[in-house]
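Each chain, written out:
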Amino acid sequence: MVNGKTFRATVNEKHTFDEINGELDLIPTADGNFHIIQDNLSYNAEVLSTNYNEKVFELKINGVIYEVKLEDEYDQLVKRLGLSVVTHQVVKDINAPMPGLVLEVSVEAGQEVEEGTPLLILEAMKMENVIKAPGTGVVKKVNVSKGEAVEKNHLLIEME
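First, a word on what this report is: a plain description of the structure on this page. (Residues numbered from 1 in each chain as written. Predicted model: local features only at pLDDT ≥ 70, side-chain atom pairs only at ≥ 80, totals over all residues. Heavy atoms only, no water.)

**Concerning the nonpolar core**
Phase 1: Core analysis: the largest hydrophobic core is formed by 16 residues, its most contacted members being Leu156 and Ile157.
Phase 2: When contributions to this core are tallied by element, the ones reaching two or more residues are strand E11 (118–124) and strand E15 (155–159).
Phase 3: When sequence neighbours within four positions are dropped, the list of residues in contact with Ile157 reads Asp93, Ile94, Val107, Leu119, Leu120, Val139, Lys141 and Val142. (Core = buried A, V, L, I, M, F, W, Y, C linked by side-chain atoms within 4.5 Å. Buried < 20%, exposed > 50% of the residue type's maximum accessible area, 1.4 Å probe, protein only. Helix = DSSP H or I, 4+ residues; strand = E, 2+ residues; numbered from the N terminus. Contact = heavy atoms within 4.5 Å.)

Here it is as structure tokens:
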């Protein structure tokens, strides 16, 4: 349970966890990663990528990469009822989700993008975050360049 919500976690599309038993100590490290202690065992964890729209996270724990998909109560209900939520999202503008440094720009004006297309890489807190298109669209204008520092909510890419 997180913030009053119950989540189901699926790891690498193979293992599903409805509850996590035992106590978990999560300690942020100086390099932006985490040190986890659970049941007297120690783990080093690094967040490699995040997709908050799809609730999918890529984590490296003790050198092994895991993809974790979270489902809240709504997601679980839709699945139980056999319904599928069809979303075709048209992208407007892409803003920086956090302050950081633009390491790479992968698109240019006039380029068509689909959902999930990598747009740019933003380094924040010593982690590289791949910013992907949340839906389909055409790049109207790229407002940043490689090496540029940006603040949170800075307009990175304009879409049409």
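Structure shown, so let's carry the discussion forward.
**Focus: a negative patch on the surface**
Phase 1: Negative charge collects at one region of the surface, where Glu54, Glu112, Glu114 and Glu115 lie side by side.
Phase 2: Counting through the fold element by element, Glu115 comes out in the loop between strand E10 (112–113) and E11. (Patch = residues over 30% accessible without salt bridge, like charges linked within 9 Å, V, L, I, M, F, W, Y side chains within 5 Å. Areas by Shrake-Rupley, 256 points an atom, 1.4 Å probe, with all protein chains shown as cover. Salt bridge = Lys/Arg side-chain N within 4 Å of Asp/Glu carboxyl O. Lys, Arg positive; Asp, Glu negative; His and termini not counted. Charge placed at Lys NZ, Arg CZ, Asp CG, Glu CD.)

**Points about the pairing of strand E4 (residues 34–38)**
Phase 1: Pairing of E4 with strand E5 (residues 41–51) involves five bridges; the strand directions are antiparallel. Residue pairing in the sheet places Ile37 in a bridge with Ser42 of E5.
Phase 2: Between E4 and the antiparallel strand that follows it, E5, lie two residues; Asp39 among them carries a positive phi value of about 50 degrees. (Pairing = 2+ DSSP bridges.)

**Quick notes on the environment of Phe17**
Phase 1: Note on placement: Phe17 falls in strand E2 (residues 15–17).
Phase 2: Residue class for Phe17 comes out partly exposed when judged on its relative accessible area of 41%.
Phase 3: Through-space distance from the C-alpha of Phe17 to that of Leu70 is 9.7 Å; in sequence the pair is 53 residues apart.
Phase 4: Beyond its immediate chain neighbours, meaning those up to four positions away, Phe17 contacts Phe7, Arg8, Ala9 and Val11.

**Some remarks on the side chain of Asp72**
Phase 1: By the secondary structure assignment, Asp72 is in the loop between strand E7 (64–71) and helix H1 (73–80).
Phase 2: Classification of Asp72 as buried rests on a relative accessible area of 11%.
Phase 3: In this structure the side chain of Asp72 is engaged in a polar contact, spanning 3.1 Å, whose partner is the backbone nitrogen of Tyr74. (Polar contact = N/O pair within 3.5 Å; in protein donor to acceptor, adjacent residues only side chain to side chain.)

**Some details on the sheet that holds strand E9 (residues 100–105)**
Phase 1: What the four strands build is an open sheet, ordered E12-E11-E9-E14; its pairing is antiparallel. At either end of the open sheet lies a strand with only one pairing partner, and these are strand E12 (127–132) and strand E14 (149–150).
Phase 2: Both E9 and E11 contribute to a ladder of four bridges, which runs antiparallel. When the bridges of E11 are listed, Leu101 appears paired with Glu123.

**Describing the sheet that holds E15**
Phase 1: Pairing within the open sheet is antiparallel, and its four strands lie in the order E8-E15-E13-E10. Two strands bound the open sheet, and with one partner strand each, they are strand E8 (93–95) and E10.
Phase 2: Strand direction decides the pairing type here: E10 and strand E13 (residues 137–142), joined by two bridges, are antiparallel. Paired with Glu112 across the bridge in E13 is Val138.

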